[in-house]
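Fold and contact review
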Amino acid sequence: MLLPYAPTSVAVARQRLSADLEECGVFTAAIEDAVLVVSELLSNALRHAHPLPSGQIKATWDWANDHLEVTVSDGGATTEPRAARPALSSLGGRGLGIVEFLAERWGVRHDGEMTTVWAVLHAPVGVLNSQVRTPEIGALHECG
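Residues numbered from 1 in each chain as written. Predicted model: local features only at pLDDT ≥ 70, side-chain atom pairs only at ≥ 80, totals over all residues. Heavy atoms only, no water.

Considering the overall build of the chain
Condition: Put simply, DSSP H or I for four residues or longer makes a helix, DSSP E for two residues or longer makes a strand, and each gets a number counted from the N terminus. Exposure classes here rest on a 1.4 Å probe applied to the protein chains alone. A residue is buried below 20% of its type maximum, exposed above 50%, and partly exposed in between. By definition, residues are in contact when any of their heavy atoms lie within 4.5 Å. Here the Shrake-Rupley method, with its probe set to 1.4 Å, supplies the accessible areas, and only the displayed protein chains count as covering residues.
Scanning the chain for helices and strands turns up three helices and seven strands. Starting at the N terminus, the α and β elements of the chain follow one another as β-α-α-β-β-α-β-β-β-β. In the chain, which comprises 144 residues, the share counted as buried stands at 42%. Restricting to contacts in the chain with at least 6 residues of sequence separation, those with at least 24 account for 66%. About 8200 Å² of surface is accessible on the chain, with carbon and sulfur atoms providing 53% of the total.

So this is what it looks like as structure tokens:
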């Protein structure tokens, strides 16, 4: 999904991801982790990177086999995204550390001027009424 390069886009992506995962029956705690990860990735991109040539930022997600891959693409930055180890008194610098903690794995891809930070999380289907809900679709649509 292409979003404006603006802080309000974080809330839009959070709501859309949450709704998509709820529709597929993903366990609530996994949805909360995924929403936090997409928030951190988007916030970092908005804080540290340039917009895409269109002036926007891109967020996508794909859910299949109890795993979710979340990606955020931007126009790149002067520094490489990496998890920091800030001092306890620091006001920021914990975003990718949170992603690193919640995700099974994460990383950075470069394609020309575009930088994509991705994370893969365990996102199992929840149990409702003693039956496991099986989603009708194998993966969430990639918005974009």
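Now, onward.
Examining the pairing of strand β3 (residues 67-74)
Put simply, the test is: For two strands to pair, DSSP has to find at least two bridges joining them.
Of all eight residues that make up β3, six are buried, and the element is covered over most of its length. Here seven bridges tie strand β2 (residues 56-64) to β3, and the two strands are oriented antiparallel to one another. From the neighbouring strand, Ala64 faces β3, where its bridge partner is His67. As defined by bridge partners, β3 adjoins strand β5 (residues 114-122) across eight bridges and the pair is classed as antiparallel. Following the sheet pairing, Asp74 is matched in β5 by Thr115.

Things to note about the pattern of salt bridges
Going by this rule: Whenever a carboxyl oxygen of Asp or Glu lies within 4 Å of a side-chain nitrogen of Lys or Arg, that contact is scored as a salt bridge.
Inspection of every chain in the model, using the stated rule, returns two salt bridges. With a closest N to O distance of 3.9 Å, Glu104 and Arg105 form a salt bridge. When its relative accessible area of 44% is taken as the criterion, Glu104 is described as partly exposed.

Observations regarding the sheet that holds strand β1 (residues 2-4)
Rule in force here: The angle between two axes is taken between their N-to-C directions and runs from 0 to 180 degrees, where each axis is a line fitted to C-alpha atoms and a helix contributes only its stretch in contact.
Read across the open sheet, the five strands follow the order β1-β2-β3-β5-β4; overall the sheet is antiparallel. If you trace the sheet from one side to the other, it starts and ends with β1 and β4 (105-111), each paired once. Here the average twist between neighbouring strands, direction ignored, is 20°. Contacts from helix α1 (residues 8-23) reach β1, β2 and β3, with the element oriented near 15° to β2. Relative to β3, helix α2 (residues 28-48) is tilted by about 15°, and along the sheet it contacts β1, β2, β3 and β5.

A word on the packing of α2 against helix α3 (residues 95-102)
Worth spelling out the cut-off: Reported orientations rely on four angle classes, namely roughly parallel under 35 degrees, roughly antiparallel over 145, roughly perpendicular from 65 to 115, and oblique for the rest. In a left-handed crossing the near helix is turned counterclockwise from the far helix by less than a right angle, and in a right-handed crossing that turn is clockwise. Amino acid classes used here: Ala, Val, Leu, Ile, Met, Phe, Trp, Tyr, Cys and Pro are nonpolar; Asp, Glu, Lys and Arg are charged; the rest, including Gly, are polar.
Axis separation between α2 and α3 bottoms out at 9 Å; the angle between their running directions is 150°. Between α2 and α3, the angle falls in the class roughly antiparallel. Of the two elements, α2 crosses α3, and the hand of that crossing is left-handed. Touching Asp33, Leu36, Val37, Glu40, Leu41 and Asn44 of α2 are Gly95, Leu96, Ile98, Val99 and Leu102, all from α3. In the contact of α2 with α3, the residues fall into seven nonpolar, two polar and two charged.

Section: the packing of α1 against α2
Following both chains from N to C, one finds α1 and α2 inclined at 155°, their axes separated by 9 Å at the closest point. Considering the angle they form, α1 stands roughly antiparallel to α2. Pair α1 / α2 crosses with right-handed handedness. Together, Ser9, Val10, Ala13, Arg14, Leu17, Ser18, Leu21 and Glu22 of α1 and Ile31, Ala34, Val35, Val38, Ser39, Leu42, Ser43 and Leu46 of α2 make up the contact between the two elements. Classifying every residue of the contact of α1 with α2 by side-chain character gives ten nonpolar, four polar and two charged.

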